[in-house]
Amino acid sequence: MENATRKLAIICSKGSLDMAYPGLILANAARMAGHDAMVFFTFWGLDIVNDKKVDHLHMSPLGNPSMPIPAMIAGLPGMEALATRMMVADMDKLEIPHVREMLENLADAGAELYACQLAMDMFKLEKKDLVPQVKDVISAMDFIDKSEGAQVIFV
Amino acid sequence: MATKVYGGIAVEVDDEGFLKKATEWTPEVAKAIAVEVGIPALTDKHWKVLEFARQDTASSGQSPGPRRIVASAGVSMKELYELFPKGPGKLVARVAGVPKPKACL
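Quick caveat: nothing in here was measured; it's all calculated off a predicted structure. (Residues numbered from 1 in each chain as written. Chains lettered and ligands numbered in written order. Predicted model: local features only at pLDDT ≥ 70, side-chain atom pairs only at ≥ 80, totals over all residues. Heavy atoms only, no water.)

### A few points about the pattern of salt bridges
A complete count under the given rule lists 14 salt bridges over all chains for this structure. Notably, a salt bridge pairs Lys-4 of chain B with Glu-36 of chain B, separated by 3.2 Å at the nearest N-O pair. Residue Lys-4 of chain B is found in strand 1 (residues 2–6), and its partner Glu-36 of chain B is found in helix 1 (residues 27–36); the two are separated by 32 residues along the sequence. Look at Glu-36 of chain B and you get partly exposed, because its relative accessible area is 37%. Among the salt bridges present, the one from Lys-100 of chain B reaches Glu-16 of chain B, with a minimum N-O distance of 2.9 Å. Placement of Lys-100 of chain B in the segment after helix 5 (88–96) and of Glu-16 of chain B in the loop between strand 2 (9–13) and helix 1 is noted, with a sequence separation of 84 residues between them. Note on Lys-100 of chain B: relative accessible area 37%, which makes it partly exposed. The exposure class of Glu-16 of chain B is partly exposed, given its relative accessible area of 31%. Through salt bridges that share partners, Asp-51, Asp-55 and Arg-100 of chain A make up one connected network. (Salt bridge = Lys/Arg side-chain N within 4 Å of Asp/Glu carboxyl O. Helix = DSSP H or I, 4+ residues; strand = E, 2+ residues; numbered from the N terminus. Buried < 20%, exposed > 50% of the residue type's maximum accessible area, 1.4 Å probe, protein only.)

### Points about the pairing of strand 2 of chain B
In regular strands, side chains alternate between the two faces of the sheet. Residues and elements named next belong to chain B. Pairing of strand 1 with strand 2 involves 5 bridges; the strand directions are antiparallel. Directly across from Thr-3, in strand 2, lies its bridge partner Glu-12. The turn joining strand 1 and strand 2, which pair antiparallel and follow one another in sequence, is formed by 2 residues; a positive phi near 55° is taken by Gly-7. (Pairing = 2+ DSSP bridges.)

### Quick notes on the confidence of the model for chain B
Here chain B shows a mean pLDDT of 95. Residues at 70 or above account for 99%. Element-level mean pLDDT values for chain B span from 92 in strand 1 of chain B up to 97 in helix 4 (residues 77–83) of chain B. (pLDDT = per-residue confidence, 0-100.)

Here it is in structure tokens:
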């Protein structure tokens, strides 16, 4: 029933709204079930923990065959904002917390959040540009060390 | 289906250890399950959470997840994880004698 210590390491590499939630929800579920969880934000995934961007993550209807919108229309100005608004409204109805609150919950739940050093350098970001829930900025090799024995999920 | 004895009371549990019948639950059963899941003594705050979980399940028909518990039971997310360190998502429900929550949050 209670496994000894199962450990999940989740890599968030995309910064769109629809790619932010799966990693965060899984990390939260792991903590709910009593397992260790760490999340590594890299590349565009850094947007999820970027203090200036976290409240403005978007989803794009373009290039997404699951969207019920013809590709020609999906590329029109304003469609991305519309798709984002619709998705946020649907999530609000289900009382799914916004991303910033998800990050606060995760930190309170004891999940460890890390940002990727190389991506930080690329985007010219410093630790102070990130939400305070990020525990540390670490290298790819640090991540490999910290995730030893963990099941790794790449999003 | 299995029967287990908690606090001297025989109760039916499912494969994951959740009580099959909420009516078989007593505070003594809760104390014994708590010990089994690594909580040696239930404090007032534990009881507040457990009572909320039982009431909420009875009224809504679904066991509450941590987010719902934190919104209504008067404990913070941090406290909830301190009270049930091995995973409040499952353990609140197990100790409260209600089914495993379907909530993802």
